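Chain by chain, the residues:
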Amino acid sequence: MLYRAWTWARKSCVRGAGAALAMAVAFALAACAGEEATPAGQVATAPGVIALRAGLNDPQDVNIAVLMFLPQSITVPVGTTVEWRFAGPEPHTVTFFPPGQQPPSPDQAEPFFAPTPPTGPYDGTALVNSGLLPQGPSAASFRVTFSKPGTYRYVCVIHPRMVGTVTVVPSGQQADDQQQVTQRGDQELQQWLQEGRAAKQRLLSQQPRRTANPDGTTTWFVEMGTTTEHTDVLAFAPVPATLRAGDRVTFVNNSRAPHTATFLGGRSAPSPDSPEVGQMVPGPSPQVLNAQSYFNTGLLPPNAPPGNAPPEAVRSFTFVISAAGTYPYVCILHAPSGMAGTIVAQ
């Protein structure tokens, strides 16, 4: 179920190796050309509409995904339409559960990947759900109109710590306007961007863990991203330049997102909704790597939930480097966020 949930989430994001890399480059170029952040209110909204962001990949570094609603809470008058904007590439949901229904764990969230839009003004008594957005490289939006005063909690079903609230007050009471929502969202965004950038710097600068093998070779451990309280860093830790033929590379997922390490060997990447993404190809760890064949770790589960995560052996996969050469790899699920790397063996 975990494999199906996360691959379904990306099925419109990656259709092949060329598409994945092209999308990653497109987002990266947009980041370089863009501003520090794109304010939620930069595009004018209609009267009675308040806009905010549902997560955001760093405009300067697509590897960093902010997993927060921006801002986390807003106050609006009754009758207001709230619009969530999904810039991507990391997808999210805006999901309001009715009283008595709890959000699922991420590996049980697949039923909520399709939308359940509101049938009219929302009063808190029914499920309302955006489904996963965006589907592909284009931005998306989702609107809900609130008809009844109260406090309404909503979540992203694939990022459990991504929680927001809309407080609806009677007309005439103090509420946020668009400028206040945008300003507060920008302030929160800057905090989480700094948090994610610092985490990525730590990931890239740390010395890789290694062990000496009895035959004189070395096993190197490569971290598959990292997670902070408000962000996912969707990047592999670098492989050391001193790696030699005969050494081993063990990919370890200590983040809170699932990942693959996939060596395409010149073929196209499988569609993320293909069962192949979840399969260990050509078989279980360890595998002797060559530059011509397709290799896949399968879906390595996250180091979550806290205190009850799968053991490291389940979250790891080892490759033996058979010969000197260059071996590029990618995480199929997060290729749009630029999660890729290269092993160079001497």
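Note: the structure precedes this text.
Reading guide: rules and limits
- All residue numbers here refer to positions counted from 1 along the written sequence of the relevant chain.
- Totals for whole chains, interfaces and linings use all residues, but because this is a predicted model, local features are given only for residues with pLDDT of at least 70 and pairs of side-chain atoms are given and counted only at 80 or more.
- For side-chain calculations, the full set of non-hydrogen atoms in the structure is used, while hydrogens and water are omitted.
- Strands here mean DSSP runs of E at least two residues long; helices mean DSSP runs of H or I at least four residues long; both are numbered from the N terminus.
- Per-residue accessibility, obtained with a 1.4 Å probe over protein chains only, is compared with the maximum for each type, and a residue is labelled buried under 20%, exposed over 50%, and partly exposed between these values.
- In protein, a polar contact requires one atom able to donate a hydrogen and another able to accept it; more generally it is a pair of N or O atoms within 3.5 Å, and residues adjacent in sequence count only if both atoms are side-chain atoms.
- In this analysis, two residues are considered to be in contact whenever any of their non-hydrogen atoms come within 4.5 Å of each other.
- Here, a salt bridge means any Lys or Arg side-chain nitrogen found within 4 Å of an Asp or Glu carboxyl oxygen.
- What we call a nonpolar core is a set of buried Ala, Val, Leu, Ile, Met, Phe, Trp, Tyr and Cys residues that are connected through their side-chain atoms within 4.5 Å.
- Between the first and last residue of a helix there are one fewer steps than residues, each counted as 1.5 Å, and that sum is the expected span.
- Two aromatic rings, drawn from Phe, Tyr or Trp (for Trp, its six-membered ring), form a pair once their centres lie within 6.5 Å of each other, and the interplanar angle then sorts them: stacked below 30 degrees, edge-to-face above 60, tilted otherwise.
- Geometrically, a charge over a ring is one whose NZ (Lys) or CZ (Arg) sits within 6 Å of the ring centre while staying within 35 degrees of the ring normal.

Asker: Account for the side chain of Thr260, naming residues and giving values.
Answerer: Topologically, Thr260 is positioned in the loop between strand S13 (248-252) and strand S14 (262-263). The class for Thr260 is buried, based on a relative accessible area of 0%. At a separation of 2.9 Å, a polar atom in the side chain of Thr260 contacts the side chain of Thr262. Of the polar contacts made by the side chain of Thr260, one reaches the backbone nitrogen of Ile332; its length is 3.0 Å. If we skip the residues at most four places from it in the chain, Thr260 touches Met224, Phe236, Val277, Asn296, Thr297, Gly298, Leu299, Val330, Cys331 and Ile332.

Asker: Break down the environment of Pro208 for me, citing the residues and quoting the values.
Answerer: The topology assignment puts Pro208 in the loop between helix H3 (178-205) and strand S10 (210-212). When the C-alpha atoms of Pro208 and Val222 are compared, they prove to be 6.7 Å apart, with 14 residues separating the residues in sequence. Setting aside residues no more than four positions away along its own chain, Pro208 makes contact with Trp220, Phe221 and Pro240.

Asker: Hey, could you go over the pattern of salt bridges for me, with residue numbers and the actual values?
Answerer: Within the structure shown, the criterion is met by eight salt bridges. A salt bridge links Asp61 to Lys200, with the nearest nitrogen and oxygen atoms 2.7 Å apart. Taken together, the residues span a long stretch of sequence, with Asp61 in strand S2 (residues 61-70) and Lys200 in helix H3 at a distance of 139 residues. Residue class for Asp61 comes out buried when judged on its relative accessible area of 18%. Here Lys200 falls in the buried class, since its relative accessible area comes to 14%.

Asker: Outline the environment of Pro301, listing residues and values.
Answerer: Within the element layout of this structure, Pro301 appears in the loop between strand S16 (295-296) and strand S17 (316-321). Overall, the relative accessible area of 12% leaves Pro301 in the buried class. In this structure, the C-alpha to C-alpha distance between Pro301 and Ser255, residues 46 residues apart in sequence, is 8.9 Å.

Asker: Now, about the nonpolar core: what can you tell me, with residues and values included?
Answerer: The biggest cluster of nonpolar side chains holds 60 residues, and the ones touching the most others in it are Trp84, Phe96, Phe146, Phe251 and Ile343. Excluding residues that lie within four positions of it along the chain, Ile343 makes contacts with Val239, Leu243, Val249, Phe251, Phe263, Ile321, Gly325, Thr326, Tyr327 and Tyr329. Of all hydrophobic cores here, the second largest spans seven residues; its members include Leu56, Met68, Leu189 and Leu193.

Asker: Lay out H3 in plain terms, naming residues and giving numbers.
Answerer: When the terminal C-alpha atoms of H3 are compared, their 40 Å separation across 28 residues agrees well with the 40 Å that a helix rising 1.5 Å per residue should span. Three or more residues of H3 are buried, namely Gln178, Val181, Thr182, Gly185, Glu188, Leu189, Trp192, Leu193, Gly196, Ala199, Lys200 and Leu203. The inward-facing, buried residues of H3 contact strand S1 (49-58), S2, strand S3 (73-77), strand S11 (218-227) and strand S12 (231-236). The residue sitting at the N-terminus of H3 and contributing the capping side-chain oxygen is Asp177; that oxygen lies 3.2 Å from the backbone nitrogen of Gln179.

Asker: Account for the packing of aromatic side chains, with residues named and values stated.
Answerer: Counting across every chain of the model gives 20 aromatic pairs. Seen in terms of ring centroids, Phe146 and Tyr152 are 5.4 Å apart; in terms of plane orientation they differ by 45°. Their pairing is tilted. Across the pair, Tyr152 and Phe146 agree in class, each one buried. Ring centres 5.0 Å apart and planes at 70° place the aromatic pair Phe263 and Phe319 in the edge-to-face group. Here Phe319 lies in strand S17 and Phe263 lies in strand S14, a separation of 56 residues in the sequence. Each member of the pair, Phe263 together with Phe319, is buried. The aromatic ring of Phe221 is capped on one face by Arg209, whose charged end is 4.1 Å from the ring centroid.

Coordinates in, geometry out; function isn't part of it.
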